[in-house]
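# Structural overview for review
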Amino acid sequence: MSHLIASLNDLDPLSKVLTGFDLFRHSALFINKRNNHSKLICNHRPSMTSTSTMLSLASASLTASLSVHENLKGRLKLGGGSLSFKKEKANPFINTKSFSRISMVAAIKVSRFEGVTMAPPDPILGVSEAFKADNDEKKLNLGVGAYRTEELQPYVLNVVKKAENLMVERGENKEYLPIEGLAAFNKVTAELLFGASNPVIKEQRVATVQGLSGTGSLRLAAALIERYFPGAKVLISSPTWGNHKNIFNDARVPWSEYRYYDPKTVGLDFDGMIADIKAAPEGSFVLLHGCAHNPTGIDPTPEQWEKIADVIQEKNHIPFFDVAYQGFASGSLDADAGSVRLFAARGMELLVAQSYSKNLGLYAERIGAINVVCTSADAATRVKSQLKRLARPMYSNPPIHGAKIVANVVGDPTLFNEWKAEMEMMAGRIKNVRQKLYDSLTAKDKSGKDWSFILEQIGMFSFTGLNKVQSDNMTNKWHVYMTKDGRISLAGLSLAKCEYLADAIIDSFHNVS
């Protein structure tokens, strides 16, 4: 502060006033100078309609130069604020041989939200914003996991259109749903996940509550953990979907990571994963990707899933599945639910979050569910009651449109079979793109690098192994938009663009350190 006062002292009196006003735009200052003694005092005076800030600057000069500015009596207008100046008489009890005084009053509107800082762009959704701002015709958006046609256009499933037409024909209303959601949806989504004949369904041991897609369902489960398992830790794979950590941070649930991706092999670090799950405190929640791990596309084998289940049971952990791609990874609803059903068959209690954004293309409908498998129907009833209690102050009740689409599609045998055919088509297109990208890389790259990991991965994503600097080169030089961890969404790639993408990957991998 002494440096600020010293700097002001070096200015002529008018400059002191204007400089003081400029410095004051974001705070309220009272600067008094009397007998070469200066001090700063902060003061705010909010009014009924705005926050007004009053600044009074009393400045004394050791020279007679102030007299040049004595004609500044009156008011100076500056933008939305104003300044007033007046010459004041000297205090008779103070030696005023060469002292004069100026008072300035400034009224400025200052936001009550002045202290709110700008949030950083979302690492995934921010990619699409940057892509839209790029005018290069070669640009590719491989950031957000949303299915595109071969022409790289959004795709609305035909079966979804039929389900919506049914809703119109029936004249269905838009009344509020119960807190737990649409009963018909909750029934079919649990049966789709576990199998209609599964004992957990037959014995009514599953508490199912409709959620706001996968994110909302995870958040509701996190709130349940925070309230009824205080201090329990959630283990998250390294790496994982970018929003997982945000969800548990906001729910105030502690988390740590277990090893998953091995950069040397661009594959699964299975030994590291098992060791970290074993080392976790007993009774931890272990977050697992049911299929098509995001972002790596690397899934455990059936044998490895058995070993993971063994360790979780030994440590009395609670498995917590995130199932965002059922049917969309392999093209088979049953195969993609195999990991969840394995754990349920062992009699384990578990949590499963579901989403229909990918497999039905209902991205904007925000439709999903949280399922909690309990050891008894009574426990499931109580858990469901508490999930409803948590949901009520969060969002009151879920949206109806997407829930009715799912209920109509899954609940109708004809529409259900049509949906499975469309899912196989979408999954098949991504497999073809994956194969074409691999063929292009192996044909163009003369270094002998093994790119087979691309074929070993599954689902809509591929983890390229590119680091942040290399990923930046993909965007800055080649106009390929992707997340900075090296993940690309093959759902946003066409066969026609595979060779261009291969050139970008080879250049970034070999020429950027």
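- If you check an unreviewed UniProt entry, the protein chain appears there as Aspartate aminotransferase from Castanea mollissima.
- What UniProt records for the protein chain under Cofactor (unreviewed entry) is the sentence "pyridoxal 5'-phosphate".

## With respect to the overall build of the protein chain
- On a plain count of helices and strands, the protein chain comes out with 18 helices and 21 strands.
- Counting the 513 residues in the protein chain, one finds 50% classified as buried.
- For the protein chain, contacts bridging at least 24 residues in sequence account for 73% of all contacts bridging at least 6.
- Surface exposure of the protein chain reaches about 24,800 Å², of which carbon and sulfur atoms provide 53%.

## Regarding helix 18 (residues 498-511)
- Compared with an ideal rise of 1.5 Å per residue, which puts 14 residues at 20 Å, helix 18 spans 20 Å between its outermost C-alpha atoms and is within 8% of the ideal.
- Turning to helix 18, its buried residues number three or more, namely C498, Y500, L501, A502, A504, I505, I506, D507 and S508.
- Close packing links the buried residues of helix 18 with strand 9 (140-141), helix 15 (413-444), helix 17 (468-476), strand 20 (480-481) and strand 21 (487-489).

## Some details on the pairing of strand 18 (residues 367-373)
- Among the seven residues in strand 18, seven count as buried, and that is most of the element.
- The side-chain alternation of strand 18 yields two buried faces, one formed by I367, A369, N371 and V373 and the other by G368, I370 and V372.
- In terms of strand pairing, strand 10 (residues 206-212) meets strand 18 through seven bridges, oriented antiparallel. Bridging from a neighbouring strand, V206 pairs with V373 of strand 18.
- Looking at chain direction, strand 17 (residues 350-355) and strand 18 are connected through six bridges and run antiparallel. Among the inter-strand pairings, A353 is bridged to a residue of strand 18, identified as I370.

## Overview of the environment of F328
- Within the element layout of this structure, F328 appears in the loop between strand 16 (318-323) and helix 11 (333-336).
- Between the C-alpha atoms of F328 and M425, which are 97 residues apart in sequence, the distance is 9.5 Å.
- Contact partners of F328, with chain neighbours within four places excluded, come to Y147, D336, K358, N359, M423, M426, A427, I430 and M460.

## Considering the packing of helix 9 (residues 270-279) against helix 10 (residues 302-314)
- One way to put it is that helix 9 packs onto helix 10 with a least axis distance of 9 Å and a crossing angle of 15 degrees. Relative to helix 10, the element helix 9 lies roughly parallel. You can see that helix 9 and helix 10 cross each other, and the crossing is right-handed. For the pair formed by helix 9 and helix 10, the contact residues are F270, M273, I274, I277 and K278 on the first element and Q304, K307, I308, V311 and I312 on the second.
- Grouping the amino acids of the contact of helix 9 with helix 10 by side-chain chemistry returns seven nonpolar, one polar and two charged.

## Re unusual backbone geometry
- The linkage connecting S238 with the following residue, P239, adopts the cis geometry, with an omega of 5 degrees.
- Following the sequence through the fold, P239 ends up in the loop between strand 11 (234-238) and helix 8 (244-250).
- Each neighbour pair has its own omega, and for N294 with P295 the value is 20 degrees, a cis peptide bond.
- Tracing the sequence through the fold places P295 in the loop between strand 15 (285-289) and helix 10.
- In this structure, S396 takes a positive phi of about 70 degrees despite not being glycine.
- Mapped onto the elements of the fold, S396 is located in the loop between helix 13 (377-395) and helix 14 (401-411).

## Some points on the packing of helix 15 against helix 18
- Where helix 15 contacts helix 18, the axes come no closer than 9 Å and their chain directions differ by 50 degrees. In terms of orientation, helix 15 lies oblique with respect to helix 18. Here helix 15 and helix 18 pass one another in a crossing that is right-handed. Residues V433, K436, L437, S440, L441 and K444 of helix 15 touch helix 18, and the partners they reach there are C498, E499, L501, A502, D503, I505 and I506.
- Residue composition of the contact of helix 15 with helix 18, by class: eight nonpolar, one polar and four charged.

## Digging into the pairing of strand 17
- Counted residue by residue, strand 17 has six buried out of six residues, so it is predominantly covered.
- Neither face of strand 17 is exposed, since L350, V352 and Q354 on one face and L351, A353 and S355 on the opposite face are all buried.
- Alignment of strand 16 against strand 17, held across four bridges, turns out to be parallel. Across the sheet, D322 pairs through a bridge with A353, a residue of strand 17.

## Considering the sheet that holds strand 12 (residues 255-259)
- Within the open sheet, the seven strands sit side by side as 10-18-17-16-15-11-12. Their pairing is mixed. With one partner strand each, in any of the chains shown, strand 10 and strand 12 form the two edges of the open sheet. Geometrically, the sheet is characterised by an average inter-axis angle of 25 degrees between neighbouring strands, direction not taken into account.
- In this fold helix 5 (residues 183-194) packs onto strand 10, strand 16, strand 17 and strand 18, with an angle of close to 65 degrees to the strand it touches most, strand 18.

Reading the values: rules and limits
All residue numbers here refer to positions counted from 1 along the written sequence of the relevant chain. The predicted nature of this model means local features are confined to residues of pLDDT at least 70 and side-chain atom pairs, given and counted, to a pLDDT of 80 or more, with totals for whole chains, interfaces and linings taken over all residues. The basis for the side-chain values is all heavy atoms of the structure; hydrogens and waters are excluded. UniProt positions are given in the numbering used here, feature names are shortened, and annotations may be inferred rather than shown by experiment. Numbering of helices and strands runs from the N terminus, with a helix taken as a DSSP run of H or I at least four residues long and a strand as a DSSP run of E at least two residues long. Only protein chains enter the accessibility calculation, which uses a 1.4 Å probe; a residue whose area is less than 20% of its type maximum is buried, one above 50% is exposed, and one in between is partly exposed. Any two residues whose heavy atoms approach within 4.5 Å at even a single point are treated as in contact. Method for areas: the Shrake-Rupley scheme with a 1.4 Å probe, in which residue coverage is limited to the protein chains shown. For a helix, the expected span equals 1.5 Å multiplied by the number of residues minus one. Any two strands between which DSSP finds at least two bridges are classified as paired. Here an angle of 0 to 180 degrees is reported between the N-to-C directions of two axes, which are lines fitted to C-alpha atoms, with helices fitted over the stretch in contact. Oblique is the label for any angle not covered by the other classes, which are roughly parallel (under 35 degrees), roughly antiparallel (over 145) and roughly perpendicular (65 to 115). For any pair of crossing helices, the crossing counts as left-handed if the nearer helix is rotated counterclockwise from the farther one by less than a right angle, and right-handed if it is rotated clockwise. Only Asp, Glu, Lys and Arg are considered charged, only Ala, Val, Leu, Ile, Met, Phe, Trp, Tyr, Cys and Pro nonpolar, and every remaining residue, Gly among them, polar.

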